[in-house]
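# Structural features, examined
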Amino acid sequence: GVQTCALPICYSGNVGYNREGWSAQGNVVQGFNGTSLRLGYERRMNMIETRVGGRYSREKWHPSAGVGFNLSQHVGLDVAAFTTTANIERKQKLGIATSFRFNHVP
């Protein structure tokens, strides 16, 4: 016979604001893992961009911060630090991420 599988319902809402030199955004989700909230702020100052944010998920706050360096019009370097519980112990630990950004500017 035919089997039926019901997926959990997920509701989400987003808001963002972008202005010359800065932007902010937020997101709230109610779904499979309960309620989660994400907030972020970015400040752009010519060659440097600073970012701070946070995430609330599974009854824990996870702060984050980062900085981006625009090395040229086409290349940037981003470095960020964040906390996560994505480990087998479910303990809050520090993570660090780096990336190169390649922008296509017409």
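Residues numbered from 1 in each chain as written. Predicted model: local features only at pLDDT ≥ 70, side-chain atom pairs only at ≥ 80, totals over all residues. Heavy atoms only, no water.

Okay, the side chain of Ser 36 next. Note that Ser 36 resides in strand 3 (residues 34–45). Given the relative accessible area of 11%, Ser 36 is considered buried. Beyond its immediate stretch of four places on either side in the chain, Ser 36 contacts Asn 27, Val 28, Val 29, Tyr 56 and Ser 57. (Helix = DSSP H or I, 4+ residues; strand = E, 2+ residues; numbered from the N terminus. Buried < 20%, exposed > 50% of the residue type's maximum accessible area, 1.4 Å probe, protein only. Contact = heavy atoms within 4.5 Å.)

Within a regular strand, the side chains alternate between the two sheet faces. The sheet contact formed by strand 2 (residues 22–31) and strand 3 spans 10 bridges and is antiparallel. From the neighbouring strand, Gln 25 faces strand 3, where its bridge partner is Gly 40. With antiparallel pairing between neighbouring strands as the criterion, strand 2 and strand 3 make up a hairpin whose turn holds two residues. Looking at chain direction, strand 3 and strand 4 (residues 48–57) are connected through nine bridges and run antiparallel. Counted as the bridge partner of Leu 39 is Gly 54 from strand 4. Between strand 3 and strand 4, which pair antiparallel one after the other, the connecting turn spans two residues, and Asn 46 there sits at a positive phi close to 55°. (Pairing = 2+ DSSP bridges.)

The subject of this paragraph is the side chain of Asn 27. Its location among the elements puts Asn 27 in strand 2. When residues no more than four places from it in sequence are discounted, the contact partners of Asn 27 are Gly 13, Asn 14, Ser 36, Leu 37 and Arg 38.

Take the sheet that holds strand 2 next. In space, the seven strands of this open sheet follow the order 1-2-3-4-5-6-7, with antiparallel pairing throughout. Since the sheet does not close on itself, it has two edges, and those belong to strand 1 (11–19) and strand 7 (93–102), each with one partner. Put simply, the sheet's adjacent strands are angled 10° from each other on average, direction ignored. Pairing analysis gives seven bridges linking strand 5 (residues 60–70) to strand 6 (residues 75–84), with the strands arranged antiparallel. What sits directly across from Ser 64, in strand 6, is Phe 82. (Axes fitted to C-alpha atoms, helices over the stretch in contact; angles between N-to-C directions.)

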